[in-house]
Amino acid sequence: MEFIELIKVLERGLRQPLPGRLGQAHMAPVPLEKERFDQNRLATARKGAVLLLFCPGPEGISIPFIKRAVYEGVHSGQIALPGGKMDAGDHDLSYTALRETEEEIGVDRKSITLLGNLSDLYIPPSNFSVRPFVGYASQRPSFKIDPREVDRLVTCNFETLLNREMQKEKLVFTSKGTTIKAPYYEINKEVVWGATAMILSEFLTLWKKIS
């Protein structure tokens, strides 16, 4: 699919009702934490935003992910979409997504056009309600990661993301000492699970409907 055509399809599709929980739950860890879909927790949790960014390029349409730096925290070293917590000076969550993307991977926020957002998702381990935004850059960005927050950039070709063989499953040992069965996407030999996988699952559920 050509880049311009993709953007038009996404723009129309994001105006439709979102899959929400039905899309997210497909890639949720098992046993399912009931808090993930608790509307009260969504309302009272700390707020954050991430960005699913579509970029054109000679090798096709790609999406940038980050491998988080190692730190003392529940999401240390994980693969995620660029984004983070809402600051007091942020106008709204869309501003948060753009600001954090610029800070983490160096993409000028003025070069990004937002098309809409997916459903908010509660992340129990860090008590965050995260809103995923979908946007695009008209030209391939010159990425520059912030080494304090990002270990490295991980890009995924859009056509590769659509390949169902990327969906796998493994056992994960949690910080609480329990074992969960985690569905995940294998992206460039990296395991993408948890909230990021659930966000991608909702997006792919919507894409299947609109494409």
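See the structure printed just above.
Residues numbered from 1 in each chain as written. Predicted model: local features only at pLDDT ≥ 70, side-chain atom pairs only at ≥ 80, totals over all residues. Heavy atoms only, no water.

**Some points on the overall build of the protein**
Alright, step 1. Helix and strand counts for the protein come out as 6 helices and 11 strands.
Alright, step 2. The globule rule puts the C-alpha radius of gyration for 211 residues at 17 Å, and the 16 Å found for the protein is close to it.
Alright, step 3. Taken along its principal axes, the extent of the C-alpha atoms in the protein is 45 × 35 × 35 Å.
Alright, step 4. Across the 211 residues of the protein, 48% fall into the buried class.
Alright, step 5. Counting only contacts in the protein whose residues sit at least 6 apart along the sequence, the fraction spanning at least 24 positions is 65%.
Alright, step 6. Total accessible area on the protein stands at roughly 11000 Å², and carbon and sulfur atoms take up 50% of it.
Alright, step 7. When the 28 basic and 26 acidic side-chain charges of the protein are each reduced to a single mean position, those positions are 4 Å apart. (Helix = DSSP H or I, 4+ residues; strand = E, 2+ residues; numbered from the N terminus. Rg over C-alpha atoms; globule rule 2.2 N^0.38 Å. Buried < 20%, exposed > 50% of the residue type's maximum accessible area, 1.4 Å probe, protein only. Contact = heavy atoms within 4.5 Å. Areas by Shrake-Rupley, 256 points an atom, 1.4 Å probe, with all protein chains shown as cover. Lys, Arg positive; Asp, Glu negative; His and termini not counted. Charge placed at Lys NZ, Arg CZ, Asp CG, Glu CD.)

**Regarding the packing of aromatic side chains**
Alright, step 1. Considering all chains together, one arrives at 6 aromatic pairs under this definition.
Alright, step 2. Both rings, one in Phe 3 and one in Tyr 136, keep their centres 6.1 Å apart while their planes meet at 70°; by these two values the pair is edge-to-face. Here the residue Phe 3 occupies a position in helix α1 (residues 3–13), and Tyr 136 occupies one in strand β7 (residues 128–137), the gap between them amounting to 133 residues.
Alright, step 3. The class for Phe 3 is buried, based on a relative accessible area of 14%.
Alright, step 4. Through a chain of ring-to-ring contacts, the aromatic side chains of Phe 54, Phe 158, Phe 203 and Trp 207 assemble into a single cluster. (Phe/Tyr/Trp six-rings, centres within 6.5 Å; stacked < 30°, edge-to-face > 60°.)

**What to know about the environment of Glu 59**
Alright, step 1. Considering the arrangement of structural elements, one finds Glu 59 in the loop between β1 (46–54) and β2 (62–68).
Alright, step 2. Spatially, the C-alpha atom of Glu 59 lies 8.0 Å from that of Asn 157, the residues being 98 residues apart in sequence.

**Here we look at the sheet that holds strand β8 (residues 150–157)**
Alright, step 1. Taken in spatial order, the 3 strands of this open sheet run β3-β2-β8, and their pairing is antiparallel. Two strands lie at the open edges of the sheet, namely β3 (79–80) and β8, each paired on one side alone.
Alright, step 2. Pairing of β2 with β8 involves 7 bridges; the strand directions are antiparallel. Note on β8: the bridge partner recorded for Ile 63 is Cys 156. (Pairing = 2+ DSSP bridges.)

**So, the side chain of Thr 101**
Alright, step 1. For Thr 101, the location among the structural elements is in helix α4 (residues 93–105).
Alright, step 2. With relative accessibility at 0%, the residue Thr 101 sits in the buried group.

**Overview of α1**
Alright, step 1. What α1 keeps buried is the set Phe 3, Leu 6, Ile 7, Val 9, Leu 10 and Gly 13. Angular distribution of buried residues about the axis of α1 spans 165°; they occupy a single face of the element. (Arc of directions from axis to C-beta.)

**Regarding unusual backbone geometry**
Alright, step 1. A positive phi angle, near 50°, is found at Asn 188, a position not held by glycine.
Alright, step 2. You can see Asn 188 is positioned in the loop between β10 (179–187) and β11 (190–192).
Alright, step 3. The class of Asn 188 is partly exposed, set by a relative accessible area of 48%.
Alright, step 4. One non-glycine residue, Lys 189, lies in the positive phi region at around 65°.
Alright, step 5. Judged by relative accessible area, Lys 189 falls into the exposed class, the value being 79%.

**Structural notes on the environment of Asp 108**
Alright, step 1. Locating Asp 108 in the fold gives a position in the loop between α4 and β5 (112–117).
Alright, step 2. Its relative accessible area of 37% is what places Asp 108 among the partly exposed residues.
Alright, step 3. One polar contact links the side chain of Asp 108 to the main-chain amide nitrogen of Lys 110, over a distance of 2.9 Å. (Polar contact = N/O pair within 3.5 Å; in protein donor to acceptor, adjacent residues only side chain to side chain.)

**Description of the pairing of β10**
Alright, step 1. Summarising the sheet, strand β9 (residues 167–173) and β10 pair through 7 bridges and their orientation is antiparallel. Bridging from a neighbouring strand, Lys 170 pairs with Ala 182 of β10.
Alright, step 2. Relative to β11, β10 runs antiparallel, the two sharing 3 bridges. When the sheet's bridge partners are listed, Tyr 185 is paired in β11 with Val 192.
Alright, step 3. Between β10 and β11, which follow one another and run antiparallel, lie 2 residues, and Asn 188 among them has a positive phi close to 50°.

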